[in-house]
Amino acid sequence: MSRYLDLRKDIDNLKIEEAAKILKSGGLVVFPTETVYGIGANGLNAEAVEKIYIAKGRKQDNPLILHIADKEMLEKIVENIMPIEEKLMEAFWPGPFTIILKRKTCVPDIVTGGLDTVGVRMPSGEIAQKLIKEVASPIAAPSANISGKPSGTTVEDIFEELKDKVDCIIDGGKTQVGLESTVVRVIDGIPNILRPGKITPEQIKEIAGNVKIDKHILEQTKIEKDEKVLSPGMKYRHYAPDSKCVLVYSRNEKDMIKKIKDIAKTQCRVTIISCRENAEYYKEVTNSIINIGSKDDLNEISKNIFSALREVDKIMPNLVIIEGVKQEGIGLAIMNRLIRACGNNYIEI
Ligand code: AMP
Ligand code: MG
């Protein structure tokens, strides 16, 4: 059973020091960032980092992101930063933005899955910032969940899953963004989005003048077993509840609602994940409806997605039908997570 530190009401420096001590001595600490909770270890201590893979059941070729508190830490771990990369960091740090850079040799292989690059992020969450500063070393931290499961956005959602696998859990309440960071790698001077997030393609284009979206993000393309991908995480099943899920979207809302009702009628024990405004339309086909927020507020929806997917595991329906959203702005990141949660079982009409 791990140590539980409650920092929801105020950020007590003594508790931050306690967690930092655990990290410095090679332990694992679950902590909140503004995106999702992370399972942290001292990022320059290979033995400590290895424990993260074991705790999550994560494949070792799926590299971790190093979280830093300031530019000094960045210089310790990467080299050959290009002006455009500098510009992007300047624009989006601290915040939900990860950039893939050439690593220095002090970064252990276990962090990068043997790649010569490393993903780096400067989080804006106050607890994360203070914790990294106190440790005075980059913290390797993937999302706090068993691999394949939805990322943790509240401690309630992940406590049972992780309490015996880590040394300490810091509770900072519900995370602000709710989706993991945007991951970008600059190739031939153009930022390529390897994983969409709160920082949108439009925002990146505004800074860099150009942006590319990796084809694996939305196309339901199956990644062939030996296919080389820019971001190894793309290969793995993610965010999935135990029940079978289908994602449905149409630009025409009436068509989407009709399709969802038609599918719901073919099954018993169906759960529908819908926006608040549409919930009443589904009452005639099921009494199990999870509301993920207003259709006019994609930030609210992104905050609630992972908790909704986890709630499904408590209900254990025969089928989960999820309403899609427009793939614009943060909608791109929402749909990327939902398509994966459904194992590519996506109907667009
Ligand atoms: P998570 O730790 O769950 O937030 O996932 C981190 C994501 O960043 C995964 O999709 C990784 O594959 C990706 N990533 C981390 N480091 C690198 C890297 N050096 N090159 C490409 N992708 C990376
Ligand atoms: Mg993850």
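(A) Summary view of the overall build of the chain. In terms of regular secondary structure, the chain is built from 12 helices and 17 strands. Over its C-alpha atoms the chain spans a radius of gyration of 20 Å, differing by no more than 12% from the 20 Å that the globule rule assigns to 349 residues. Within the span of the chain, comprising 349 residues, buried residues form 58% of the whole. Put simply, of all contacts in the chain between residues at least 6 apart along the chain, 66% involve residues at least 24 apart. If you sum the accessible surface of the chain, you get close to 15300 Å²; carbon and sulfur atoms cover 47% of it. Charge centroids of the chain, computed over 51 positive and 51 negative side chains, lie 3 Å from each other.

(B) A look at the pattern of salt bridges. The full count for this structure, using the stated rule, is 20 salt bridges. D6 is paired through a salt bridge with R8; the nearest N and O atoms lie 2.9 Å apart. Classification of D6 as partly exposed rests on a relative accessible area of 29%. Where E253 meets K295, a salt bridge forms, and the shortest distance between an N and an O atom there is 2.8 Å. Note that E253 is positioned in helix α9 (residues 253-265) and K295 in the loop between β15 (289-291) and α11 (298-315), a separation of 42 residues in sequence. Looking at E253, the relative accessible area reads 30%, which means it is partly exposed. Within this structure, D6, R8 and D171 form a network of salt bridges that share partners.

(C) Structural view of the nonpolar core. Ranked by internal contacts, the top residues of the largest apolar core, which has 107 residues, are I170 and I321. Of all the elements, helix α12 (residues 331-341) adds the most residues to this core, at seven residues. Not counting chain neighbours up to four residues away, the residues in contact with I170 comprise L5, L7, A19, V29, V30, F31, P32, Y37, I127, L131 and V155.

(D) Molecular detail of the packing of helix α4 (residues 83-92) against helix α8 (residues 201-208). Where α4 contacts α8, the axes come no closer than 10 Å and their chain directions differ by 125 degrees. The angle between α4 and α8 places the two elements in the oblique class. Between α4 and α8 lies a crossing of right-handed hand. Of the residues in α8, those in contact with I84, K87, L88, A91 and F92 of α4 are Q203, I204, I207 and A208. Here the residues of the contact of α4 with α8 sort into seven nonpolar, one polar and one charged.

(E) Here's a closer look at unusual backbone geometry. Cis geometry is found at the peptide bond from W93 to P94, where omega equals -10 degrees. With respect to the helices, strands and loops of the structure, P94 is situated in the loop between α4 and β6 (97-103). Located in the positive-phi region is A136, a residue other than glycine, with phi close to 60 degrees. Note that A136 resides in the loop between α6 (126-135) and β8 (139-140). A136 gets classed as exposed once you look at its relative accessible area, which sits at 51%.

(F) Main features of the sheet that holds strand β16 (residues 319-323). One open sheet holds the five strands; their spatial order is β15-β14-β16-β13-β17, and the pairing between them is parallel. Here the strands that pair on one side only, and so sit at the sheet edges, are β15 and β17 (346-348). If you compare each strand with its neighbour and ignore which way they point, the axes differ by 20 degrees on average. The pairing of strand β14 (residues 270-274) with β15 spans three bridges and is parallel.

(G) Local environment of the state of the cysteines. Inspection of every chain in the model, using the stated rule, returns zero disulfides. Left without a disulfide partner, C268 is nearest to the cysteine sulfur of C245, which lies 16 Å away. Here C268 falls in the exposed class, since its relative accessible area comes to 52%. Residue C275 stays outside any disulfide, its sulfur separated by 16 Å from that of C342, the closest cysteine. You can call C275 buried: its relative accessible area is 5%.

(H) Region of interest: the packing of aromatic side chains. Scanning the entire structure with this criterion turns up three aromatic pairs. Ring centres of Y4 and F159 lie 6.2 Å apart, and the angle between their planes is 85 degrees; this geometry places the pair in the edge-to-face category. Of this pair, Y4 sits in strand β1 (residues 3-6) while F159 is found in helix α7 (residues 155-162), placing the two residues 155 residues apart along the sequence.

(I) How the structure looks around the side chain of D171. Following the sequence through the fold, D171 ends up in strand β9 (residues 168-171). Looking at D171, its side chain comes within polar contact range of the main-chain nitrogen of G173, at 2.9 Å. Setting aside its immediate chain neighbours within four residues, D171 contacts Y4, L5, D6, L7, R8, Y37, V155 and E156.

(J) Structural view of the pairing of β16. Here β16 lies mainly inside the structure; five of its five residues are buried. Judged by which residues are buried, β16 turns out to be covered on both faces: L319, I321 and E323 on one side and V320 and I322 on the other are all buried. Bridge count for strand β13 (residues 244-249) against β16 is five bridges, and the pairing is parallel. When the bridges of β16 are listed, K244 appears paired with L319. Here β14 runs beside β16; their pairing, made up of four bridges, is parallel. Each residue of the ladder has a partner; that of V270, found in β16, is L319.

Conventions we followed
- Residues numbered from 1 in each chain as written.
- Chains lettered and ligands numbered in written order.
- Predicted model: local features only at pLDDT ≥ 70, side-chain atom pairs only at ≥ 80, totals over all residues.
- Heavy atoms only, no water.
- Helix = DSSP H or I, 4+ residues; strand = E, 2+ residues; numbered from the N terminus.
- Rg over C-alpha atoms; globule rule 2.2 N^0.38 Å.
- Buried < 20%, exposed > 50% of the residue type's maximum accessible area, 1.4 Å probe, protein only.
- Contact = heavy atoms within 4.5 Å.
- Areas by Shrake-Rupley, 256 points an atom, 1.4 Å probe, with all protein chains shown as cover.
- Lys, Arg positive; Asp, Glu negative; His and termini not counted.
- Charge placed at Lys NZ, Arg CZ, Asp CG, Glu CD.
- Salt bridge = Lys/Arg side-chain N within 4 Å of Asp/Glu carboxyl O.
- Core = buried A, V, L, I, M, F, W, Y, C linked by side-chain atoms within 4.5 Å.
- Axes fitted to C-alpha atoms, helices over the stretch in contact; angles between N-to-C directions.
- Parallel < 35°, antiparallel > 145°, perpendicular 65-115°, else oblique.
- Left-handed = near helix turned anticlockwise from the far one by under 90°.
- Nonpolar A, V, L, I, M, F, W, Y, C, P; charged D, E, K, R; others polar.
- Pairing = 2+ DSSP bridges.
- Disulfide = S-S within 2.5 Å.
- Phe/Tyr/Trp six-rings, centres within 6.5 Å; stacked < 30°, edge-to-face > 60°.
- Polar contact = N/O pair within 3.5 Å; in protein donor to acceptor, adjacent residues only side chain to side chain.

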